[in-house]
Amino acid sequence: MFLEVNNLNKKFNKEHVVEALSFELEKQKTLSILGKSGCGKTTMLKMISGLVNPDSGNVFLDGNEVTLLKPEQRNMVYLYQEDLLFPHLTIFENIAFGLRLKKINSKAIKDQVDQMAHSLELHNQLDKMPHQLSGGQRQRVSFGRAIIINPSVLLLDEPFGSLDSGTRQRMQSLFKNLTREYKITSLFITHDLKEAILMGDKIGFMQNGNLHVYESKQDFLNDPTTGVNQEINFWKSLQIEAGSELKNTINE
Amino acid sequence: MYKNWRAYVLPFLVLLVLFPFTYLLFLSLSGAWYYPDVLPKYFGLRNWRTILSSETGLLQSFLMSTGISLAVAIVSTLSGFFISKTVYYHPHKRILNLLAYLPYILAPVVFAACLSYFFLKLGLFGNVTGVITAQFLISFPYALIFFSSFWNERIKNYENLVSTLGGNTLDRYFKVLFPLAKGLLLVCFFQTYLISWFEYGLTSIIGVGKVQTITIKVFMFIKEANYFYGALSCCLLIFPPVVLLYINKKYVFKKIA
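Residues numbered from 1 in each chain as written. Chains lettered and ligands numbered in written order. Predicted model: local features only at pLDDT ≥ 70, side-chain atom pairs only at ≥ 80, totals over all residues. Heavy atoms only, no water.

(A) Expanded view of the packing of aromatic side chains. In this structure the tally under the stated criterion is 31 aromatic pairs over all chains. Measuring from centroid to centroid gives 5.6 Å for Phe160 of chain A and Phe188 of chain A, while their planes differ by 55 degrees, and the two rings are tilted. In this pair, Phe160 of chain A is assigned in the loop between strand S7 (153-157) and helix H5 (165-181) and Phe188 of chain A in strand S8 (residues 186-189), connecting sequence segments 28 residues apart. Judged by its relative accessible area of 0%, Phe160 of chain A falls in the buried class. Taken together, a centroid distance of 4.9 Å and an interplanar angle of 80 degrees make the contact between Phe150 of chain B and Trp151 of chain B edge-to-face. The structure contains a cluster of three or more aromatic residues connected by ring pairs, namely Phe81, Phe82, Tyr142, Phe146, Phe147, Phe150, Trp151, Tyr173, Phe174 and Phe178 of chain B. The ring of Phe86 of chain A is capped by Arg145 of chain A, whose NZ or CZ atom sits 4.7 Å from the centre of that ring. (Phe/Tyr/Trp six-rings, centres within 6.5 Å; stacked < 30°, edge-to-face > 60°. Helix = DSSP H or I, 4+ residues; strand = E, 2+ residues; numbered from the N terminus. Buried < 20%, exposed > 50% of the residue type's maximum accessible area, 1.4 Å probe, protein only. Lys NZ or Arg CZ within 6 Å of the ring centre and 35° of its normal.)

This is the structure in C-alpha cells:
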C-alpha cells in the first residue's frame with residue numbers, strides 16, 4: 001500500500017481525540033472522509049502531515065516510515081478550507097511558491113506554472129494579486145500551488161466548505177480532472193455526503209477518533225450508522241410530497 | 001455659508017499648529033533679543049554654526065541620541081516580534097501579556113529609581129549601554145503588546161502551509177511572515193524609536209548626567225534659561241520625528257491601507 005497508517009493515537013488534555021486509527025490507501029486513489037465536527041478528522045490529517053505529533057502509532061509512505069519526519073520532509077501538502085494565498089505575491093508567484101522553495105531554475109518554473117495555469121483556466125490571471133480574484137479562482141490557485149510540487153499525498157481539509165453551491169460543483173469536477181491528470185493520491189475531508197461519494201474512490205466514516213474505511217460505496221450506503229439512509233429517505237419523502245401536491249393541483 | 005466658515009477656520013488651525021515650530025526655528029536663528037526690543041538684534045546662522053564647532057556638544061548629543069534610539073528601536077522591534085510569537089503559543093499567554101503592561105504602571109522616574117540598584121551592580125550606571133538597556137525595558141513591552149495582535153490562527157495556518165509545501169524555518173520567516181508583517185514592523189520600529197528619542201526620566205537617572213542625549217540637552221538649556229540654544233536643540237529634537245512622520249505617511253500607511 002502507498003499510504004499506511006497504523007494505530008495512531010492522540011490525546012489533548014487527557015481526552016482521546018484520535019484512538020487506534022489505522023487504514024491504508026492505494027497510490028493515485030482518493031479517500032473521502034466523513035464525520036461529525038470534533039470527531040478528530042483534522043487532527044488525523046495533521047498527524048499524517050507531521051503538523052501534530054502522535055502520542056503513538058506509525059505512518060508509512062511508500063513503505064518508508066515518516067512518523068518522525070518534519071512536515072517539510074514528507075512531501076505531503078495540507079490544504080485548508082481557506083485558500084491561504086500569500087497576499088504579497090502575484091498569482092504566478094503563489095503557484096510557483098513551492099517550486100521556488102525547491103530552488104528550481106526560473107525557466108522550468110515558468111513552463112510549469114504556465115502549464116498549471118492552463119489546467120486551472122487561470123492563464124489570464126497570473127499577473128493579478130490574490131485580492132483581485134473570486135473565491136473559486138483563489139481556491140483553484142491554492143490547488144495549483146499544492147499540486148505543482150507533485151506531492152506524494154494531498155491532504156484536503158474541507159477545501160470547498162466556504163464556496164457557494166455552483167462554484168463548489170465546478171471545483172469538484174476540476175478536482176476530479178486534476179487528480180486524473182496529475183495522478184494524485186489524496187485524503188479528502190468533507191461534511192457533504194454527495195461530495196464524499198463524488199470525490200472518493202473509497203469512503204471512510206470517522207467516529208469518536210476512529211476511522212472505518214468501507215470496502216465499497218455500497219457498503220457505505222448500507223451502513224445505518226452513517227446517516228446516509230436517513231438522508232436518502234428525506235429526499236425521497238420530499239419527492240413523494242411534491243408529487244402528491246402536483247397530483248392534487250391537476251385534479252383541482 | 002458653510003464653505004466660507006471652512007475657508008477661514010482651517011487656515012487658522014493650520015497656522016496654530018505650525019506656529020510653535022516656526023517660532024522655534026526663528027528663536028534658534030536669533031541672538032541678543034532683550035526686552036523691550038520687538039525683534040532680535042542678531043538674526044542668522046551663528047547658533048547653528050556652534051553645533052559644528054562642538055562648543056555645546058549638541059552635534060555629539062544628536063548623533064548619540066540617533067545611535068541609542070536606532071539600537072533600542074531595532075532590538076525592541078525584532079525581539080518584540082519573535083517573543084510575541086512565543087507568548088501567543090504559550091498556555092499562559094494572558095498572564096504574560098498582562099505582565100507586559102507593568103512598566104507603564106509606574107512613572108518612568110520611579111521605574112528608573114527601582115532599577116538603579118541593579119544597574120549599579122551590573123556597572124550599567126552612567127554609560128550608553130545602561131541607557132540603551134533602560135530604554136529597552138520601556139520599549140520592549142510596547143513592541144510585545146503591539147505584535148500580540150499579529151499572531152492568530154490564520155498566521156499559524158500560513159506557517160503550517162509553508163512547512164507542508166517544503167519550506168524550513170527561514171523560509172517561513174523570510175518568504176511569508178516578514179512580508180506579511182512588514183507594515184507592522186515599520187510602524188513598531190518608528191514608535192519605539194520615538195519612545196527612545198523622547199525618553200527623559202529614565203535616561204537622566206540611569207545616565208546620571210554623563211549620557212547627554214538631545215532630550216537631556218534641551219532640558220539643560222531650558223534650565224539654564226538659554227532659550228536660543230534651547231530652541232535650536234528643540235529643532236534638532238523634532239527633526240527626526242518629522243522625518244519619520246513623513247515616511248510613515250508616505251510609505252507605511254499607504255501599504256497597510
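(B) Up close: the interface of chain A and chain B. With 21 residues of chain A at the interface, the matching set in chain B holds 17 residues. The largest contributions to the chain A side of the interface with chain B come from Glu72, Leu84 and Leu101 of chain A, which together make up 30% of the buried area. One can count one salt bridge joining chain A with chain B. A salt bridge links Arg154 of chain B to Glu82 of chain A; its shortest N-O distance comes to 2.2 Å. The tally of links between chain A and chain B comes to six residue pairs in polar contact (both at pLDDT 80 or more). Contributions of two or more residues to the side of chain A that touches chain B are made by strand S6 (76-79), helix H2 (91-101) and helix H4 (135-147) of chain A. Per element, the largest residue contribution to the side of chain A that touches chain B is four residues, and it comes from S6 of chain A. Per-class residue counts for the side of chain A that touches chain B are 15 nonpolar, three polar and three charged. (Contact = heavy atoms within 4.5 Å. Buried area = accessible area lost by both parts, 1.4 Å probe. Salt bridge = Lys/Arg side-chain N within 4 Å of Asp/Glu carboxyl O. Polar contact = N/O pair within 3.5 Å; in protein donor to acceptor, adjacent residues only side chain to side chain. Nonpolar A, V, L, I, M, F, W, Y, C, P; charged D, E, K, R; others polar.)

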